[in-house]
Amino acid sequence: MGARPKKKKEALKLRLYIAGNAPNSLRAIENLRAYCAEKLFDGHELEIVDLLKDPSRALEDGIIVTPTLIKLSPLPAQRVIGNLSDVSKLTLSLGGS
């Protein structure tokens, strides 16, 4: 019996919706970047969407509150609302341990 090839682990894709330089938005960016640097290293892709610059994205993507983080992949998709200061909630939502 031959060994099965390992499936390549799907990269973590994240999208963070913010509202300009609002304090909670800035805190969310800072908290998420620190979390990614500490826990994820290079194994992720992060898109930051400023809804003040691109308000149509809020409607298109169903965002009603900022900051909101969406884990796009791997599935299942998850949403985390707030400044992302709760590391255990963030880890649980991103599928980490």
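Draft legend 1. Region of the structure containing the pattern of salt bridges. A complete count under the given rule lists 4 salt bridges for this structure. Measuring nitrogen to oxygen at the nearest pair gives 2.8 Å for the salt bridge that ties Arg 15 to Glu 47. Within this pair, whereas Arg 15 is found in strand β1 (residues 12-18), its partner Glu 47 is found in strand β2 (residues 44-50), the two being separated by 32 residues in sequence. The class for Arg 15 is buried, based on a relative accessible area of 18%. With a relative accessible area of 31%, Glu 47 lands in the partly exposed category. Residues joined in a network through salt bridges with shared partners are Arg 15, Glu 47, Arg 57 and Asp 61.

Draft legend 2. Broad picture of the environment of His 44. Summarising the element assignment, His 44 is placed in strand β2. In this structure, His 44 is in contact with Leu 12 and Cys 36, ignoring residues within four places of it in sequence.

Thresholds applied
- Think of each chain on its own: its residues are numbered from 1, step by step along the sequence as written.
- Thresholds applied to this predicted model are a pLDDT of at least 70 for local features of residues and 80 or more for the giving and counting of side-chain atom pairs; totals over whole chains, interfaces and linings are not thresholded and use all residues.
- Side-chain measures were taken over the full set of non-hydrogen atoms in the model, leaving aside hydrogen atoms and water.
- Salt bridges are counted wherever a side-chain nitrogen of Lys or Arg sits within 4 Å of a carboxyl oxygen of Asp or Glu.
- Note on conventions: DSSP H or I runs of at least 4 residues are helices, E runs of at least 2 residues are strands, and numbering of each starts at the N terminus.
- Whether a residue is buried, partly exposed or exposed follows from its accessible area with a 1.4 Å probe, protein chains only, as a fraction of its type maximum: under 20%, in between, or over 50%, in that order.
- The contact definition used throughout considers only heavy atoms, calling two residues in contact when any of these lie within 4.5 Å.

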